[in-house]
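Each chain is listed here by its residues.
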Amino acid sequence: MRSAAICAVILAAFAASGAEARADAPAVADSLARIRAALPPCDGTRGHCIGLHLHVTQAAGDAGVIASPDWLATQLATANRHFAPIDVGFQLAAIDTLPASAAHIANRRDRNNLATDRLHGTVIHVFVISQLDDVDAIGETRFGVAWHVPGTTRKYVILSTAGLDRVLAHELGHVFGLPHSTYPISIMNKTERKEPPVEQRTFADPELARMREGLRDLLRDHVIADMPAAASAAPPK
């Protein structure tokens, strides 16, 4: 009798869990639809349109996902503006969700685990989470990182929703082969400075030359591939 009661409790818990997941599904589906509609397509005049596969963390409870359509659209539009000089644009290729438990990425193992069974296709994978801890400075956090699992070379991007509008562009710079720099104009320069103003910062000319080489290498090695520019989507009602 006791065993039967325990089994009944366990089955009831699983049933409740399933019901909760089903209740969450409409909110998540609506959030993803709004993100798809908000994200700008690649400019059709660009020589290269590169796909991004977004993995966005679900919010706790029946609350959709943690990133707003506007925040993601700004990240993508800013990246497209900074990459325009090398004739590259980015657009959404696919989108799915991460469990709410992925919201806080605390260590190297967490970063590595994001990639498990997810790095498919000739696209750049971008993982959107809430908090990204700095693995080199205890107690500090980061806005983003371009990461790869030890023993592999394929980079993917992890973005914190606390990040400023140019964080995706900065991390994609790493994917295209750039290190941090000391060029005053560069968005790869992490030092505090007053000049030039933030709105005038972009990639320095030598960085653009290096990214053109990085683009060639990524295409040659079939890490990424060109995709047709997508049409803009109408926002859901």
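## Some thoughts on empty space enclosed by the protein
Under the criterion given, the structure shown has 1 cavity of 30 Å³ or more. Computed from the structure, the largest cavity encloses a volume of approximately 80 Å³. Lining the largest cavity are Leu-39, Leu-52, Leu-54, Leu-72, Gln-75, Leu-76, Leu-92, Val-126, Leu-159 and Leu-168. Counting residues per element, the ones that place at least two in the lining of the largest cavity are strand 1 (48-57) and helix 2 (69-83). Examining the composition of the lining of the largest cavity, we find that 3 residues originate from one element, helix 2, more than from any other.

## As for the state of the cysteines
If you walk through the whole model with that rule in mind, you get 1 disulfide. The disulfide that involves Cys-42 links it to Cys-49, with 2.1 Å between the sulfurs. On the S-S bond that ties Cys-42 to Cys-49, the torsion sits near -75 degrees, and the link is left-handed. Looking at Cys-42, the relative accessible area reads 4%, which means it is buried. Since its relative accessible area comes to 5%, Cys-49 is described here as buried.

The rules behind these values
- Residues numbered from 1 in each chain as written.
- Predicted model: local features only at pLDDT ≥ 70, side-chain atom pairs only at ≥ 80, totals over all residues.
- Heavy atoms only, no water.
- 1 Å grid on protein atoms, 1.4 Å probe; cavity = no way out; pocket = protein on both sides within 12 Å on 5 of 7 lines; lining within 4 Å.
- Points joined across faces, edges and corners; volume = space filled by probe spheres on them.
- Helix = DSSP H or I, 4+ residues; strand = E, 2+ residues; numbered from the N terminus.
- Disulfide = S-S within 2.5 Å.
- Buried < 20%, exposed > 50% of the residue type's maximum accessible area, 1.4 Å probe, protein only.

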